[in-house]
Amino acid sequence: MTTTVLDHYVGGKAWAGDSERTSPVYDPALGEVSKQVRLASAADVSQAVATAVGAFDGWANASIAARQAVMLRFRELLAARRDELAEILTAEHGKVLSDAAGEIARGLEVVELALSMPQLSKGEFSQNVSTGVDVYSVREPVGVVGIISPFNFPAMVPLWFFPLAIAAGNTVILKPSEKDPSAANWLAELMTEAGLPPGVLNVVHGDKEAVDALLTHPDVPAISFVGSTPIARYVYATGTAHDKRVQALGGAKNHMLVLPDADLDLAADAAVNAGFGSAGERCMAVSVLLAVDSIADELIERIASRMAGLRTGDGRKGCDMGPLITAAHRDKVSGYIDIAMADGARVVVDGRDGEFDGGADGFWLGPTLLDGVPLDSAAYTDEIFGPVLSVVRVPGFAEGVEIINASPYGNGTAIFTNDGGASRRFQREVTVGMIGINVPIPVPVAYHSFGGWKASLFGDAKAYGSAGYAFFTREKAVTSRWLDPSHGGINLGFPQHD
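As a starting point, this report considers the structure included with it. (Residues numbered from 1 in each chain as written. Predicted model: local features only at pLDDT ≥ 70, side-chain atom pairs only at ≥ 80, totals over all residues. Heavy atoms only, no water.)

As enumerated under the stated definition, the model contains 11 aromatic pairs in all. A ring pair is formed by Trp160 and Phe450, whose centres lie 4.5 Å apart and whose planes are at 40°; its orientation type is tilted. With Trp160 in helix H6 (residues 156-167) and Phe450 in the loop between strand S20 (434-437) and strand S21 (453-454), this residue pair connects regions lying 290 residues apart in the sequence. When sorted by exposure, Trp160 lands in the same class as Phe450, which is buried. Taken together, the ring pairs in this structure connect Trp160, Phe161, Phe450 and Tyr464 into an aromatic cluster. (Phe/Tyr/Trp six-rings, centres within 6.5 Å; stacked < 30°, edge-to-face > 60°. Helix = DSSP H or I, 4+ residues; strand = E, 2+ residues; numbered from the N terminus. Buried < 20%, exposed > 50% of the residue type's maximum accessible area, 1.4 Å probe, protein only.)

Attention now moves to the sheet that holds S20. Overall, mixed pairing links the 7 strands, which are arranged S15-S16-S17-S14-S13-S19-S20 in an open sheet. In this open sheet, the two strands that pair with only one neighbour each are strand S15 (346-349) and S20. Shown here is a sheet whose adjacent strand axes are inclined to one another by a mean of 20°, direction ignored. With 5 bridges joining them, strand S14 (residues 286-292) and strand S17 (residues 388-394) adopt parallel strand pairing. Paired with Val292 across the strands is Val394, a residue of S17. (Pairing = 2+ DSSP bridges. Axes fitted to C-alpha atoms, helices over the stretch in contact; angles between N-to-C directions.)

With that out of the way, let us pick up the pattern of salt bridges. All chains considered together, the criterion is met by 28 salt bridges. Put simply, Arg75 and Glu112 hold a salt bridge, and the shortest N to O gap is 2.8 Å. Of this pair, Arg75 sits in helix H2 (residues 64-80) while Glu112 is found in helix H4 (residues 97-114), placing the two residues 37 residues apart along the sequence. Across the pair Arg106 and Glu109 runs a salt bridge whose closest N-O atoms are separated by 3.3 Å. With Arg106 and Glu109 both in helix H4, this residue pair falls 3 residues apart, about one helical turn. A relative accessible area of 26% means that Arg106 is categorised as partly exposed. (Salt bridge = Lys/Arg side-chain N within 4 Å of Asp/Glu carboxyl O.)

What follows covers the environment of Val37. For Val37, the location among the structural elements is in strand S5 (residues 32-38). Taking C-alpha positions, Val37 is 7.5 Å from Pro181, a pair spaced 144 residues apart along the chain. Not counting chain neighbours up to four residues away, the residues in contact with Val37 comprise Leu6, Arg21, Thr22, Ser23, Val25, Glu178, Pro181 and His205. (Contact = heavy atoms within 4.5 Å.)

As structure tokens, then:
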């Protein structure tokens, strides 16, 4: 049986490059290799960058109206064919189809934001700052933008970046995860169908060699990255050392604090959805539930009862949760359950047990609930990135906030309460970038910006929203003086009456 090989997409067409290295792509629900993907060499990356450089002047000088027309056609094509993309996501990532559809919907929000480029691109003007002197500002594209995206959102994360970058006049090299690469090619092909000129959006597949080539290439002035904190730190340090602007969004350990006056049914539903959606493989997953002692037992009982009704299996079969991305990652996540048990935690629901509606070799681990996880356990301190929800009991509000603020991460957090004063104090006191009040996954809508604090974000450039547009453009401030005829220096040739 011949295995399909996924090429790069450069200059508006499939491109094999010169490297002969490939990597297997799995269907996680079956545990089978579905295709091979090419892994670019540094020389391949350089050729792709040269293509993007060659396309830059023409695209940057295209009118805003022309760029907007392409993005509008892309938006309509993506909306019409979203089911096709969702099937690709489920087949390679494993997330259930409804979750894949939600990912695409959030990506579409940013495409729609990019349609407002005529408004976003307006500069500022100050008249007569000094006698006869005006000052105005304009924003221009930065050049070739490198986008390095993770495996957990193969469509949404690229859509966070390239629509704004392209609408602002830049050209793009997108390096998706080699674990689920097909969505990137599909999106690039759709952009070509929408009328995007060749070379404006290019997809280069690869591993660390390709990443390093982008981070060090002198013709790539900007890098956008989403991934784990250790890699985000590396990307930021390497990119900035090579004089690039870098937005590097890292990992998380998100807490959800539940106070005694909260609606416990709402909190239990939220904990299940935020803890186990997308198999917990998302940086905004709630992985720690801070339950105030007086309601902890009741809340745990309600969560466990909901978990009993969850069906884990092939995302194409109407299940609630799919497999993990690889066997190695499944085994790593499963190992944290052993660590928690050894450290004294109680396993309320063990996801290693049970039946899974999928292939016998699929990368299965069901939703897992742990109670009494010690704060010094690796099961608490590490970003597990899987369907494991750890309960930490706290005496009250102040202790919960103290635990949240002690975390090295600061991506997202949530509080569940009916006390307005407590929620207001919470949002002011926590050192976290995105906060939910009776909302479990506080991902901002596209016209606000996404990003955390502390070890969850390197640099000060958040994703999408006004911050995203600012990242993909550079400001010029112009100070001008024009002499009028009263100075005697200019004769406009107008008739004069003596």
